[in-house]
Amino acid sequence: MTDTAFPALSRRFFLAGSAAAAGGLALGFDLPGAAAAPDTATPEINAWVVVRPDETVVIRIARSEMGQGTLTGLAQLVAEELGCDWARVTTEYPTPGQNLARNRAWGDFSTGGSRGIRESYVAVRQGGAAARTMLVAAAAAEWKVSPGECRVEKGVIHHPASGRSTTFGKVAAAAGRMEVPKDVPLKDPKDWTIAGHPVKRLDTLEKTDGSQVYGIDLKLPDMLNAAIRDCPVVGGTVKSVDAAAVEKMPGVRKVVRVGDSAVAVVADTFWRAKQAVEALQIVWDEGPNAKVSSETIAETLKEGLDASEAFVGNKAGDAGAALKGAAKVVEATYAYPFQNHATMEPMNATARWTPERCEVWTPTQNGEAALAATAEAAGLSARQCDVTKIHLGGGFGRRGATHDWVRQAVLIAKELPGTPVKLIWTREEDMTHGRYHPVTQCRMRAALDESGNLTGLHMRISGQSILAGIIPGRLAPDGKDPVVFQGLNPGGAEAAIGYTIPNLLIDHAMRNPPIIPGFWRGVNTNPNAIYLECFLDEVAHAAGKDPLAFRRKLMEKHPKHLAVLNAVAERIGWDTKPAAGVHRGLAQIMGFGSYVAAAAEVSVADDGKIKVHRIVAATDPGVAINPQQIEAQVAGSFVYGLSAALYGECTVKDGRIEQTNFDSYPVLRLDEMPKVEAILMPSGGFIGGVGEPTIAVAAPAVLNAVFAATGKRVRQIPARHTDLKRA
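Residues numbered from 1 in each chain as written. Predicted model: local features only at pLDDT ≥ 70, side-chain atom pairs only at ≥ 80, totals over all residues. Heavy atoms only, no water.

Asker: Explain the sheet that holds strand S13 (residues 311–316) here, please?
Answerer: Sheets are built from strands that pair by backbone hydrogen bonding, the pairs being arranged parallel or antiparallel. One open sheet holds the 5 strands; their spatial order is S13-S21-S20-S19-S14, and the pairing between them is mixed. Edge positions in the open sheet fall to S13 and strand S14 (328–336), since each of these has one partner strand only. Across the sheet, the mean angle from the axis of one strand to that of its neighbour is 10 degrees, orientation sign disregarded. Direction of pairing for strand S20 (residues 454–463) relative to strand S21 (residues 503–510): parallel, over a ladder of 8 bridges. Across the sheet, the residue bridging to His 458 is Leu 505, located in S21. (Pairing = 2+ DSSP bridges. Helix = DSSP H or I, 4+ residues; strand = E, 2+ residues; numbered from the N terminus. Axes fitted to C-alpha atoms, helices over the stretch in contact; angles between N-to-C directions.)

Asker: So what exactly am I meant to see when it comes to the pattern of salt bridges here?
Answerer: Opposite charge on two side chains allows them to pair when their charged atoms are near. By the definition in use, this model includes 38 salt bridges. The shortest N-O distance in the salt bridge between Arg 132 and Glu 81 comes to 3.8 Å. In this pair, Arg 132 sits in helix H4 (residues 121–143) while Glu 81 sits in helix H2 (residues 70–82), placing the two residues 51 residues apart along the sequence. Accessibility classification places Arg 132 together with Glu 81 in one group, the buried group. One continuous salt-bridge network, built from bridges that share partners, spans Arg 571, Arg 584, Glu 601, Arg 614, Lys 675 and Glu 677. (Salt bridge = Lys/Arg side-chain N within 4 Å of Asp/Glu carboxyl O. Buried < 20%, exposed > 50% of the residue type's maximum accessible area, 1.4 Å probe, protein only.)

Asker: Explain unusual backbone geometry here, please?
Answerer: Excluding glycine, most residues fall at negative phi; most peptide bonds, likewise, are trans. In this structure, Pro 718 follows Ile 717 across a cis peptide bond, with omega equal to 5 degrees. The backbone of Ala 342 sits at a positive phi, close to 50 degrees, despite the residue not being glycine. Residue placement: Ala 342 occurs in the loop between S14 and strand S15 (348–353). Look at Ala 342 and you get buried, because its relative accessible area is 13%. Residues other than glycine seldom take positive phi values, yet Phe 592 does so here, at roughly 55 degrees. Relative to the assigned elements, Phe 592 resides in the loop between strand S22 (583–591) and strand S23 (594–604). Judged by its relative accessible area of 4%, Phe 592 is buried.

Asker: Explain the packing of helix H16 (residues 547–554) against helix H17 (residues 559–572) here, please?
Answerer: In contact at an axis separation of 11 Å, H16 and H17 are set at 160 degrees when each is read in the N-to-C sense. Overall, the two elements H16 and H17 adopt an arrangement that is roughly antiparallel. Pair H16 / H17 crosses with left-handed handedness. Where H16 approaches H17, its residues Leu 548, Arg 551 and Arg 552 are matched on the opposing element by Leu 562, Leu 565, Asn 566 and Ala 569. Taken together, the residues of the contact of H16 with H17 sort by class into 4 nonpolar, 1 polar and 2 charged. (Parallel < 35°, antiparallel > 145°, perpendicular 65-115°, else oblique. Left-handed = near helix turned anticlockwise from the far one by under 90°. Contact = heavy atoms within 4.5 Å. Nonpolar A, V, L, I, M, F, W, Y, C, P; charged D, E, K, R; others polar.)

Asker: How should I be thinking about the pairing of strand S6 (residues 156–159) in this particular structure?
Answerer: In summary, the side chains of a regular strand alternate between the two faces of the sheet. Of the two faces of S6, the one lined by Ile 157 and His 159 is fully buried and the one lined by Val 156 and His 158 carries no buried residue. In this structure, strand S5 (residues 151–153) lies alongside S6, joined through 3 bridges in antiparallel fashion. Residue pairing for S6: Arg 151 is matched across the bridge by His 158. With 4 bridges connecting them, S6 and strand S7 (residues 164–167) associate as antiparallel partners.

Asker: So what exactly am I meant to see when it comes to the environment of Gly 608 here?
Answerer: Of note, Gly 608 is situated in the loop between S23 and strand S24 (610–620). Considered as a pair, Gly 608 and Val 238 are 370 residues apart in the sequence and their alpha carbons are 45 Å apart. Every residue in contact with Gly 608, bar those within four places of it in the chain, is listed here: Leu 724 and Lys 725.

Asker: So what exactly am I meant to see when it comes to the sheet that holds S7 here?
Answerer: What the 3 strands build is an open sheet, ordered S5-S6-S7; its pairing is antiparallel. Since the sheet does not close on itself, it has two edges, and those belong to S5 and S7, each with one partner. If you compare each strand with its neighbour and ignore which way they point, the axes differ by 25 degrees on average. Helix H5 (residues 168–176) rests against S5, S6 and S7 of the sheet, and its axis sits at about 75 degrees to S7.

Asker: Honestly, the nonpolar core in this entry has me stumped. Any pointers?
Answerer: Among soluble globular proteins, nonpolar side chains are generally buried collectively. In this structure, Leu 454, Leu 457, Met 459, Val 602, Ile 610, Phe 638 and Val 702 are the most contacted members of the largest nonpolar core, which totals 90 residues. Residue contributions to this core peak at 11 residues, all from helix H19 (residues 695–710). With residues near it in sequence (within four places) discarded, Phe 638 still touches Ala 598, Ile 615, Ala 617, Ser 643, Met 673, Val 676, Thr 694, Val 697 and Ala 698. Val 57, Val 136, Val 199 and Leu 202 belong to the second-largest nonpolar core, a separate cluster that totals 44 residues. (Core = buried A, V, L, I, M, F, W, Y, C linked by side-chain atoms within 4.5 Å.)

Asker: Is there a simple way to think about the layout of surface pockets in this case?
Answerer: To locate leftover empty space, one rolls a probe as large as a water molecule over the atoms. When its volume is computed, the second largest pocket comes out at roughly 380 Å³. Asp 230, Ser 261, His 433, Arg 435 and Ile 516 are, among the 25 residues lining the second largest pocket, the residues nearest its centre. A per-element tally of the lining of the second largest pocket places helix H12 (residues 404–413) first, with 3 residues. Of the residues in the lining of the second largest pocket, the class split is 11 nonpolar, 9 polar and 5 charged. (1 Å grid on protein atoms, 1.4 Å probe; cavity = no way out; pocket = protein on both sides within 12 Å on 5 of 7 lines; lining within 4 Å. Points joined across faces, edges and corners; volume = space filled by probe spheres on them.)

Asker: Is there a simple way to explain the packing of aromatic side chains in this structure?
Answerer: The full count for this structure, using the stated rule, is 5 aromatic pairs. Relative to Tyr 436, the ring of Phe 338 has its centre 6.5 Å away and its plane inclined at 70 degrees; by these criteria the two rings are edge-to-face. Of the two residues, Phe 338 is situated in the loop between S14 and S15 and Tyr 436 in the loop between helix H13 (427–432) and strand S19 (440–448); the sequence distance between them amounts to 98 residues. Three or more aromatic residues joined by ring pairs make a cluster, and in this case those are Phe 396, Trp 520 and Tyr 640. Over the aromatic face of Tyr 93 sits the side chain of Lys 389, whose NZ or CZ is 4.4 Å from the ring centroid. A cation over a ring is seen here: Arg 713 above Phe 707, with NZ or CZ 3.7 Å from the ring centre. (Phe/Tyr/Trp six-rings, centres within 6.5 Å; stacked < 30°, edge-to-face > 60°. Lys NZ or Arg CZ within 6 Å of the ring centre and 35° of its normal.)

Asker: Would you mind showing me how to read empty space enclosed by the protein here?
Answerer: Counted under the stated rule, the structure contains 1 cavity of 30 Å³ or more. Considering only enclosed or pocket space, the largest cavity measures out at about 50 Å³ in volume. Tyr 336, Asn 526, Ile 530, Gly 641, Ala 644, Ala 645, Ile 695, Ala 696 and Ala 699 together form the lining of the largest cavity. Of all the secondary structure elements, the ones that give two or more residues to the lining of the largest cavity are helix H15 (525–542), helix H18 (627–646) and H19. Its residues assigned to classes, the lining of the largest cavity comprises 7 nonpolar, 2 polar and no charged.

Remember that the coordinates give geometry; whether it matters functionally is a separate question.
This is the structure we're talking about:
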């Protein structure tokens, strides 16, 4: 692994950049399927390139930056085709309101599902190439030579025959008057000098020196602060509230009812708002969900394991017949809990409302969704609203599909027209009002023949559907949630199963408890990888076969899955003896368009404490935009994945989430972090995601190693529920 220093970046919002670009070149480029904005001098579509007279290159990015490197990766692709000097590159966000005003010129603002770079991969490259073509054409016209006689290097245009040269900034104005070319050839990735290389990130130094402003840091003139308490039970409402004493507390400006279920206090400082809202005497009408508990939810899911009706996600042959005729049947049931996103920066938004306009400043993974929430709460049209997107102090899916905190901030601001109000959720409010990783159970039954070959498999998943919970319009026509089957699909470019099993049935009995689910980093690949990879490990041992050899036989028709698995097995030294007391496990899956595998070295102390010494991870994302950043993402994903596997669990009592802070919802500590070795093996021909896939293989690789160490299977996540003490 390489230690890299990172430069400073001066960032400005879109309007400031537009003003500064006067006399420069503002270049738009087409995004297939998007409409051009009317009455503009240039096609303002998707992302923009601005070349200022001082040679600064501003690249406009619609996707969100939350630590994963999307900002830098997309800028690399544009800069590569543009041929500019990377040291002069800066970035800025357009707003969703501007996107709406220009007929969605920038296209999709959503950043989730590891799609931030891969869904923009072609379009942003086309934009950079078009910009380069226009700049060269402007220089060639000035010199009265053919553009084909010119070449570009680090923002300088050369005409070798005459020895002349000029810079992007000097010809930007002339280039901006030209028609944007279509179908400009793109560079062959083998010729890349910026993309595909570990260039310095554009956002690290400000985060390191503390100058980066997150939403929680934002200050505006005359701004007030708000804290909120929402009913701790989903579906509950405010029955009554006594605000008289609180209204007299220092700094308090107003007590506000927020919808049917919450009360907020607005004060001059957040601390005063927090103290006041905690002092409020609120009587809740908790409703029927107050009777819900982890135990009642588990019973509902258990019933689904035997239900006669289920949605089929993958089917081949006749799994039932194979099980009936098997020489041996192996069966196990696994369970995965609710888990919290637990972002370091809790939910927050600043809103300013007037009868004519509403503005919001917030960290969001989807500016357009935040704009929709703003408009709905404001009672205004979307064109009367806008959202300024700020870098996120963690997202992990929580700040993507739902924007409940934005709605609250706007409703509070409506009570103080013209005054900006910043709402910050306390950690306790954030932990108990999340959108949680869905809870599921999975029963698996495998059929083995007399030679120990796997002839059939039935996977029955029982549990929650994210789409049914928050986006029911995206369910399949028959009501099926395709997200449930991530990593288990029969084929496709996104999340296909990596094994050929002659008789296979994977189905889902949908059981939706009232706890609201959400897209949690890695989503359903996380439990599905545990279910399949740990169970196949069980089946291999039941058949008396080496887990790697057992998998390889099932993967002959899945070469990319097999390639990453072989890579980690070789690097970990699978066929060699580990150090005394150390044991190994492995796992693989396809998720978010990439093929990933992991092999872990683990020891388990006499008291049952798990120590993960080393994890080797292999990733085939097709194309690698920034290898160093992919390596960092792999290591970071293991922090998230191991935290979930070892500790992550939200339990329910009396309809409430019990975990309120990191003392009851622990995450992996520095001294628990294993050595991570990342193998990057892009095979070309496709582009997959890297932010989420490797999360899924961390847990099963470690849990399989735990079995090798103890002879005990961990079937209930988190692992702390399993007694691993030596007898």
